[in-house]
Amino acid sequence: MKRITLLGATGSIGLRTLDLVSSFPEEFSVVGLAARGSNVDRIADMCRKYSPQAVALLDVESRDQLARLLTPPRPELLAGPDGLVALCRDVDADIVVSALVGGAGLLPTMAAIQAGRTLALANKETLVMAGALMTAAARTRSVKLLPVDSEHSAVFQCLTGHSRADVHRILLTASGGPFRETPKAHLAKVTVEDALQHPTWKMGAKITIDSATLMNKGLEIIEARWLFDVAPDQVQVVVHPQSIVHSMVEYIDGSVIAQLGVADMGVPILYALTYPERRPTPAARLDLVRVGQLTFYEPDADKFPCLRLARAALEAGGAAPVVLNAANEVAVAAFLERRIGFTEIAELIEDALTDAPTGPLASIEACVAIDADARRAVQGAIDVRRGGRTA
Ligand code: NAD
Ligand code: MG
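Predicted model, so just to flag it, every value in this text is computed and none were measured.

A few words now on the pattern of salt bridges. One pass over the full model with this rule turns up 30 salt bridges. Note that Asp383 is salt-bridged to Arg339, the shortest N-O span being 2.9 Å. In this pair, Asp383 sits in helix α16 (residues 364-385) while Arg339 sits in the loop between α14 (320-336) and α15 (342-354), placing the two residues 44 residues apart along the sequence. Here Asp383 falls in the buried class, since its relative accessible area comes to 9%. Here Arg339 falls in the partly exposed class, since its relative accessible area comes to 28%. Across the pair Glu344 and Arg386 runs a salt bridge whose closest N-O atoms are separated by 3.5 Å. With a gap of 42 residues between them, Glu344 in helix α15 and Arg386 in the segment after α16 connect regions that are remote in the sequence. The buried category is assigned to Glu344, whose relative accessible area is 14%. One salt-bridge network, held together by shared partners, links Lys124, Asp149, Glu151, Lys217 and Glu220.

Following this line, the structure appears as structure tokens:
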């Protein structure tokens, strides 16, 4: 029986993970749950169904509300960022599924690594912020970082059984998002609803917007650099609208190995949970004859500047990826709140990167401080653009 702590239990990845736990009750149990706490009734239902030892909610009031909804014996109830860290550190899990969205996952994920727990990593923003520190901590404690992101799960599978020294490059596929065919001149006027219409994947709002700007693929380039210890220029992006080929690895002899499947996050989540074994997934099967055609294109770097900005941040290193991620999170939230237009997302990130501090990233504490400064600065820049109070 594998004991799971699930960070982000109420999200798109979290709910899919709980489905899998229900499908394999003899294989998995849930020992820890964490979420923001905006839907306490739902979390109470999860507690009744999965009987975790501990639950951590960001919000103290939600924690107290949860306490009132549950009859004893209750799980241990924790709250706040420290509660999330304590959950990862103290609850004896065999695997921590890191599926919070954004930088909020950084400290809990680091705590899981420091406690020596195997990590199933969906929360790519943490690797973008602190890839060098996280992978170094994982190496020191022999902690496995198992990818959940579908592209990285594909690469991980394509690398199995091969020598890393023989890798020529990694080809990350991208659906191209909802604006693949939209003329550049129209992008300034697209709406939140347009941007939330992802052609192939059903996901949380933040990653769906990231997929529309192609920042998601930029973040994934950085994620691949750290997960697979490759040089930035060894990671290439190929647009593949059908989302069937989840990614590929090209070897020095010219052989290209690909992983294919239907677009269902259940497959990479389950693989991370059962690795190195496989289980029959209750997912649809790939029927290539029905798919008929697989097509591939060069990404349009001019139309989607986020791809270039992410690469520049990776090459600059140090604080730049932290600033890239913070600026993106603040800008995407502002876009979702209809405070800025779609193309302003990239503009704000570009401005923030110009002001990014230089030098190496010494510690997680430094990372947290740079993240907070960058968020404040971008929030100020948005206020200035909207003619409100100055930064
Ligand atoms: P989501 O928005 O659906 O869910 C996010 C979860 O995190 C929720 O449970 C929410 O309560 C929790 N949360 C958010 N902020 C929090 C905070 N400050 N403190 C505590 N809890 C907080 O997001 P998602 O689509 O499930 O994505 C989660 C992560 O997985 C992201 O990093 C995303 O990039 C990555 N990912 C998602 C998919 C997908 O198919 N959804 C695919 C690949 C990678
Ligand atoms: Mg992905």
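The next point concerns the environment of Gly359. Examined against the element boundaries, Gly359 turns out to sit in the loop between α15 and α16. Among residues more than four places away in sequence, those in contact with Gly359 are Gly318 and Ala319.

Spatially, the four strands line up as an open sheet ordered β9-β8-β10-β11, and their pairing is mixed. With partners counted over all chains shown, the strands left at the sheet margins are β9 (235-239) and β11 (256-260), one partner each. Across the sheet, the axes of successive neighbouring strands diverge by a mean angle of 20 degrees, strand direction being ignored. Where strand β10 (residues 245-251) meets β11, five bridges bridge the pair, whose relative direction is antiparallel.

By the bridge criterion, six bridges tie strand β1 (residues 2-7) to strand β2 (residues 28-35) in an arrangement that is parallel. Residue pairing for β2: Thr5 is matched across the bridge by Gly32. Where β1 meets strand β5 (residues 95-98), four bridges bridge the pair, whose relative direction is parallel. Along β5, the bridge assignment pairs Leu6 with Val97.

Basis of the calculations
- Residues numbered from 1 in each chain as written.
- Chains lettered and ligands numbered in written order.
- Predicted model: local features only at pLDDT ≥ 70, side-chain atom pairs only at ≥ 80, totals over all residues.
- Heavy atoms only, no water.
- Salt bridge = Lys/Arg side-chain N within 4 Å of Asp/Glu carboxyl O.
- Helix = DSSP H or I, 4+ residues; strand = E, 2+ residues; numbered from the N terminus.
- Buried < 20%, exposed > 50% of the residue type's maximum accessible area, 1.4 Å probe, protein only.
- Contact = heavy atoms within 4.5 Å.
- Pairing = 2+ DSSP bridges.
- Axes fitted to C-alpha atoms, helices over the stretch in contact; angles between N-to-C directions.

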